[in-house]
Amino acid sequence: MQTIYRLFEGWIDPFQPGSGRSLPTSALAFLRLYVWQCRWPFLLMLILGGLTAAIEAGIYSFIGTIVDMLDAAEPGRLFADHGLTLLGMAFVVLVLRTLVAAGTALVEEQTVIPGFNNLIRWQAHNRIMEQSLGFFHDEFAGRISSKVWQSGQAAGEFMVTLLQVVWYIIVYAAATMVMLGDLDWRLAVMVALWLAAFVVIARIYVPRIREQSKANAHAASGLTGRLVDTYTNIQTVKLFGNRVGEEHGMRQQFGEYLAVLVRFTRNLTEVRALMSLLSGVMMVAIAGFALHLWQQGSLTTGDVALSLGLVLRLNLLLGRMLGQLNGLFRLFGTLQDSVELISRPVTVTDRPDARALERTRGSVAFDAVTFHYGKGDGVLDRLSFEVRPGEKIGIVGPSGAGKSTLATLLLRFHDVEGGRVLIDGQDVRELTQASLRAQIGMVAQDTSLMHRSIRDNILYGRPSATEAELRAAAAQAHALGFIEELVDHKGRRGFDAHVGERGVKLSGGQRQRIAIARVLLKNAPILILDEATSALDSEVEAVIQENLAPLMVGKTVLAIAHRLSTIAAMDRLLVMDGGRIVEQGSHEALLARGGLYADLWARQSGGFLAEA
């Protein structure tokens, strides 16, 4: 049995790569794309669903046959006269029906749920990971993860419901028409009219329910995103004591969701009531006509039993079909809501002929770079400057001058709207993103650590590093002392201790030192320090800067800072204002010039740059 399980479990590889092409934006096309990748399991499920329906319909014909046997046979001769027929019936019920049911369960439970569902999730996750940084800035992290997860579940449940329930009911309805038509063609016509009326009602309500289901799923994901945002920033909520305001916002979000849900459920109530009325009328009509035919001698007692059994079963199945259609609409709406996010075009992509950036000399150039975040103006406008290999420059200016934007363009988190960003004379758009970022180390002001161990967070800079290199980087970042004393809530110590979501269990200074250790370990030829020591006290900052100095030898460094004292010793300073470089030179030369830099220096308070 274990061999059979493994056979079905290995039928779909959930980690197979995607096609690499753009994803369709409609749920139907999206579903078709993934079903085609797993077409053989679904074909088998289609066959098994049809067999299941045929067997179930056949069992009702057995009932009619047995009733006629009992009506005509002598009690003592029943098994002698009809034993072979009864044995065949028993074989169908005990053996064939069991084998088909077991096969159906194997395909669903061992193949579709673990394979197909997670294939979609895996490929959706990889697609999301290709998105630019701006994509993640525009969406709740909880909303993204929810849609990636629900895409696989909605698609899998939709296909299982379609092939195991809806297809089963369709086959059963067709078999019912054939079997009743064999008794009297008018019975088949009545069943056909019943099905036609069912389809008409469904046709009227399906478009409404589908759109409302999509809106319901969208509202639900928005509510989930709001919940995750609140829980993620719980410290801010509690710090400002804004429980009333937060509750008001959450209540409003719940209200928007409930308004959509109410419209959706009203339509469901209407269609359920209509379908119940229809089935009641048709059951009475078919049963009455069958009894009329029996009274005329056109049908036997067994035929009447067969007719009533088939009709009662059809009524139950159509009622179930209504519930399943409701579920299908919900699943389809949920899938469409997920597809619209997952299939969103990737704005920053590697060109087909992109080449890898090998170890670089480290020259950086911005050549007439224009970038407005798609707003048409502002930020950077035809900005040009060059950094020689091994040169260390400081970038300073008022908030909003465009300093951090330089780092995001160099890392190609966004593409320039005009001009070029060059490394060793190569346009970064012609390089693979992975190879480009492998040559750049960055420590930002807003340090974010993963909810993993200290070891995993530091080794993220270079997973192949040895234990000795790991400890050396931590020591150089002045982090080894506090790391060795860490104990998390599960008793894990030192480098194995986990840091909590976004590193919340560490102080700001500790998180910054972990981030610096990670970049030290990466040892990239280009360093970007974006307020890298802003979270540290002056004493620790001085020690870390002293340790950073040997590492920066031979490397190109771009240091962005509000605290001017941290960049005063750089080879050259660039002073930015309004997206342009308005001054450049050494610290002493800029002070002597008496321009914007000298004004900023004079207006510092406690070593920090005041807002302009």
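Just so we're clear, the structure is a prediction, and the values are computed from it rather than from any experiment.

A.B. asks: Quick question: what am I supposed to make of the packing of helix α1 (residues 2-9) against helix α4 (residues 78-129) here?
C.D. replies: If you want to describe how two helices pack, look at the angle between their axes and the distance between the axes. Running from N to C, α1 and α4 cross one another at 65 degrees; their axes reach a closest spacing of 8 Å. The chirality of how α1 crosses α4 is right-handed. Counted together, Ile4, Tyr5, Phe8 and Glu9 of α1 and Leu106, Val107, Gln110 and Thr111 of α4 form the full contact between these two elements. Considered class by class, the residues forming the contact of α1 with α4 number five nonpolar, two polar and one charged.

A.B. asks: Just checking my understanding: could you explain the side chain of Ser132 for this structure?
C.D. replies: Note that Ser132 resides in the loop between α4 and α5 (133-137). For Ser132, a relative accessible area of 9% corresponds to the buried category. Of note is the side chain of Ser132, whose polar atom sits 3.0 Å from the side chain of Thr347. In this view, Ser132 contacts Thr347, Val348 and Phe413; residues no more than four positions away in its chain are not counted.

A.B. asks: What should I look at first to understand the pattern of salt bridges in this one?
C.D. replies: Side-chain pairs of opposite charge can arise where the charged atoms are in close proximity. The final tally for this structure, using the stated rule, is 18 salt bridges. Lys147 is the salt-bridge partner of Asp337, the closest N and O atoms lying 3.5 Å from each other. Taken as a pair, Asp337 in helix α10 (residues 301-342) and Lys147 in helix α6 (residues 141-183) lie far apart in primary sequence, 190 residues in all. Take Asp337 and Lys147: they sit in the same class, and that class is buried. With a shortest N-O distance of 3.4 Å, Glu391 and Arg388 are connected by a salt bridge. Among the charged side chains, a salt-bridge network with shared partners connects Glu139, Arg143 and Arg344.

A.B. asks: Is there a simple way to explain the sheet that holds strand β4 (residues 418-423) in this structure?
C.D. replies: In sheet architecture, strand pairing relies on hydrogen bonds along the backbone and comes in two forms, parallel and antiparallel. As summarised here, the arrangement of the four strands in space is β2-β1-β4-β5, forming an open sheet in which the pairing is antiparallel. In the strand order of this sheet, the two ends are held by β2 (380-387) and β5 (426-427), each with one partner. Here five bridges tie strand β1 (residues 364-371) to β2, and the two strands are oriented antiparallel to one another. If you follow Val364 over to β2, its bridge partner there is Val387. The strands touched by helix α11 (residues 403-410) within the sheet are β1, β2 and β4, with β1 carrying the most contacts at an inclination of about 110 degrees.

A.B. asks: Looking at this model, I keep getting lost on helix α16 (residues 508-522). Mind explaining?
C.D. replies: For an α-helix, 3.6 residues make a turn, and residues three or four places apart therefore share a direction. The terminal C-alpha atoms of α16, which comprises 15 residues, lie 21 Å apart, in line with the 21 Å expected from a rise of 1.5 Å per residue. Within α16, burial applies to Gly509, Gln510, Gln512, Arg513, Ile514, Ala515, Ile516, Ala517, Arg518, Val519, Leu520 and Leu521. One or two residues past the end of α16 sits Asn523, with phi positive at roughly 55 degrees.

A.B. asks: Can you help me understand unusual backbone geometry in this one?
C.D. replies: Excluding glycine, most residues fall at negative phi; most peptide bonds, likewise, are trans. Notably, Arg382 is not glycine yet its phi reads approximately 55 degrees, a positive angle. Looking at where Arg382 falls in the secondary structure, it is placed in strand β2. Residue classification places Arg382 among the exposed residues on the basis of a relative accessible area of 61%. Backbone geometry at Arg412 places phi at a positive 60 degrees, although glycine is not the residue there. Mapped onto the secondary structure, Arg412 falls in the loop between α11 and β4.

A.B. asks: I keep staring at the side chain of Asn457 and nothing clicks. Help me out?
C.D. replies: Relative to the helices and strands, Asn457 resides in helix α13 (residues 454-459). Contacts of Asn457, omitting those with residues within four sequence positions, involve Leu449, Met450, Arg452, Val499, Ile514 and Arg518.

A.B. asks: Which parts of the structure should I look at to understand the nonpolar core?
C.D. replies: In summary, soluble globular proteins display a tendency toward joint burial of nonpolar side chains. Phe30, Tyr34, Phe42, Phe116, Met159, Trp194 and Leu335 are the most contacted members of the largest nonpolar core, which has 89 residues in total. Of all the secondary structure elements, the ones that give two or more residues to this core are α2 (27-37), α3 (39-72), α4, α6, α7 (185-232), α9 (243-296) and α10. Examining the composition of this core, we find that 18 residues originate from one element, α6, more than from any other. Composition of this core by domain shows at least three residues from each of domain 1 (11-183 + 326-346) and domain 2 (185-298). If we skip the residues at most four places from it in the chain, Phe116 touches Ile12, Tyr34, Val35, Cys38, Phe42, Thr111, Ala155, Gly156 and Met159. Counting residues in hydrophobic clusters, the runner-up holds 41 residues, among them Leu459, Ala515, Leu529 and Met570.

A.B. asks: Mind showing me how you'd approach the pairing of strand β3 (residues 392-396) here?
C.D. replies: For a regular strand, side-chain orientation follows a simple rule: the groups alternate between the two sheet faces. Of all the five residues making up β3, five are buried; the element is thus mostly covered by neighbouring parts of the structure. On β3, burial covers both faces: Lys392, Gly394 and Val396 on one face and Ile393 and Ile395 on the other are all buried. Note that β3 and strand β8 (residues 556-560) share four bridges and pair parallel. Paired with Ile395 across the two strands is Ile560, which belongs to β8. For β3 and strand β9 (residues 572-577), the ladder comprises four bridges, and the chain directions are parallel. In the strand pairing of β9, Gly394 is matched with Leu573.

The rules behind each value
Residues numbered from 1 in each chain as written. Predicted model: local features only at pLDDT ≥ 70, side-chain atom pairs only at ≥ 80, totals over all residues. Heavy atoms only, no water. Axes fitted to C-alpha atoms, helices over the stretch in contact; angles between N-to-C directions. Helix = DSSP H or I, 4+ residues; strand = E, 2+ residues; numbered from the N terminus. Left-handed = near helix turned anticlockwise from the far one by under 90°. Contact = heavy atoms within 4.5 Å. Nonpolar A, V, L, I, M, F, W, Y, C, P; charged D, E, K, R; others polar. Buried < 20%, exposed > 50% of the residue type's maximum accessible area, 1.4 Å probe, protein only. Polar contact = N/O pair within 3.5 Å; in protein donor to acceptor, adjacent residues only side chain to side chain. Salt bridge = Lys/Arg side-chain N within 4 Å of Asp/Glu carboxyl O. Pairing = 2+ DSSP bridges. Expected span 1.5 Å × (residues − 1). Core = buried A, V, L, I, M, F, W, Y, C linked by side-chain atoms within 4.5 Å. Domains from an automatic or database assignment.

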